[in-house]
Amino acid sequence: MLTILTDALLAALLVAALLLIRGFALARSRGSVPCRLRVGSHSWRSGVARYADGELHWIPLIGVLFRPRHAIARRGLTVSSRRRIDGGLWAVDCGPVSLAMSEDALTGFLAWLESAPPSAYLDVA
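The structure presented is a predicted model; accordingly, all values stated were derived computationally and were not measured.

Asks: Just to check I follow, could you spell out the environment of arginine 36 for this structure?
Replies: Structurally, arginine 36 is set in strand S1 (residues 32–39). Judged by its relative accessible area of 30%, arginine 36 is partly exposed. Considered as a pair, arginine 36 and glycine 47 are 11 residues apart in the sequence and their alpha carbons are 5.7 Å apart. Residues in contact with arginine 36, not counting those within four places in the same chain, are Trp44, Arg45, Ser46, Trp58, Leu89, Ser98, Leu99 and Ala100.

Asks: Hey, could you run me through the side chain of aspartate 93 in this one?
Replies: Secondary-structure assignment places aspartate 93 in strand S7 (residues 89–94). Look at aspartate 93 and you get buried, because its relative accessible area is 16%. When neighbours within four sequence positions are excluded, aspartate 93 is seen to be in contact with Thr78, Val79, Ser80, Ser81, Arg83 and Ser98.

Thresholds, definitions, all that
- Residues numbered from 1 in each chain as written.
- Predicted model: local features only at pLDDT ≥ 70, side-chain atom pairs only at ≥ 80, totals over all residues.
- Heavy atoms only, no water.
- Helix = DSSP H or I, 4+ residues; strand = E, 2+ residues; numbered from the N terminus.
- Buried < 20%, exposed > 50% of the residue type's maximum accessible area, 1.4 Å probe, protein only.
- Contact = heavy atoms within 4.5 Å.

This is the structure:
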């Protein structure tokens, strides 16, 4: 009985360690910034945003895969409002999706939006 509990505890610790390593790898990867995401009226979820090929990829911090859960295309993206929220973060509303990030990350996000090719339609409030 004790070996079963020991094995289960060891397996749980291994999974926790792998998730922690995954989180560090995501946060340290080049071109990634910590970013929270909220869809509609749901609660904020922590993750990492990465700019790739005209899209903002959002990858949740808790998870197994390195694939993005949300891909927000720069082309036609509309930022309707900006506001300061708790924790010193800034929230921007982009249609049904809201993003929360640090002031430096917000500056980078807005610069990324404004640097779109001339053929892209942009509307930044």
